[in-house]
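# Structural description and commentary
Each chain, letter by letter, is given below.
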Amino acid sequence: MSESELKRMVDMLRGKQRELRLEAPRIDDIAVERVPDEIDAIQFAMEREMAVGGLERRTALSHEVDAALKRIAQGTYGRCEGCGGAISLGRMLVVPWASLCIRCQEEEDSSQGGRWYRERGRVLDDAA
Ligand SMILES: [Zn+2]
């Protein structure tokens, strides 16, 4: 990756970091409140659940962006953490915080999916 490409990635990653910080919900949004009506309480609990879910996703992404900036500083950016090969520039432009090349990412996704099916299959077998 050339110097100017790398600089572009840093800009994109910093921009994403800012975006994630701006989007972060205020703590009031996920605070537990006493609600008199039961329906309101359920509605409120669902909204809180969604706010927390979004927060978790943002936190995870924020860690990935931080890790990518660290890799740039260390000079290991753009190298796949799975196979050590170069991650394609096209992929880096779409997912600047990617730490795996597309092949390793696909393997990771399918092995996780496989595990999920295996576990689910076992549960169904036990229930039968
Ligand atoms: Zn790889």
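Residues numbered from 1 in each chain as written. Predicted model: local features only at pLDDT ≥ 70, side-chain atom pairs only at ≥ 80, totals over all residues.

## Observations concerning the nonpolar core
To be explicit about the condition: Each nonpolar core reported here comprises buried Ala, Val, Leu, Ile, Met, Phe, Trp, Tyr and Cys residues connected via C-beta atoms within 7 Å. Exposure criterion: with C-beta atoms placed from backbone coordinates, a residue whose C-beta has 20 or more other C-beta atoms within 10 Å is buried, one with 12 or fewer is exposed, and one in between is partly exposed. Secondary structure elements are defined from DSSP: runs of H or I of at least 4 residues count as helices, runs of E of at least 2 residues count as strands, and each element is numbered from the N terminus. Boundary definitions for the domains trace back to an automatic or database domain assignment.
Ranked by size, the top nonpolar core spans 10 residues in total: Met9, Leu13, Val65, Ala68, Tyr77, Ile87, Met92, Trp97, Ala98 and Cys101. For this core, the elements supplying multiple residues, two or more each, are helix 1 (3-23) and helix 2 (38-74). When residues of this core are sorted by domain, at least three fall in each of domain 1 (1-77) and domain 2 (80-128).

## A word on helix 2
Stated formally: Expected span of a helix: the number of residues minus one, times 1.5 Å.
When the terminal C-alpha atoms of helix 2 are compared, their 54 Å separation across 37 residues agrees well with the 54 Å that a helix rising 1.5 Å per residue should span. Little of helix 2 sits out of view: just two of its 37 residues are buried.

## A closer look at the packing of helix 1 against helix 2
To be explicit about the condition: Only the stretch in contact is used when a helix axis is fitted, and all axes are lines through C-alpha atoms; the angle between N-to-C directions ranges over 0 to 180 degrees. Small angles under 35 degrees read as roughly parallel and large ones over 145 as roughly antiparallel, with 65 to 115 read as roughly perpendicular and the rest as oblique. Whether a crossing is left-handed or right-handed is set by the direction in which the near helix is turned from the far one by less than a right angle, anticlockwise for left-handed and clockwise for right-handed. It is the C-beta atoms, placed from the backbone, that decide contacts: two residues are in contact if theirs lie within 7 Å. Here the nonpolar group is Ala, Val, Leu, Ile, Met, Phe, Trp, Tyr, Cys and Pro; Asp, Glu, Lys and Arg are the charged ones; every other residue, Gly included, is treated as polar.
Relative orientation of the contacting elements helix 1 and helix 2 amounts to 155°, with a least axis distance of 10 Å. It follows that helix 1 is roughly antiparallel to helix 2 by the angle criterion. Like other packed secondary-structure pairs, helix 1 and helix 2 cross with a definite hand, here left-handed. Of helix 2, the residues touching helix 1 (which contributes Leu6, Met9, Val10, Leu13, Lys16, Gln17, Leu20 and Glu23) are Arg58, Leu61, Ser62, Val65, Ala68, Leu69 and Ile72. Counted by class, the contact of helix 1 with helix 2 contains 10 nonpolar, two polar and three charged residues.

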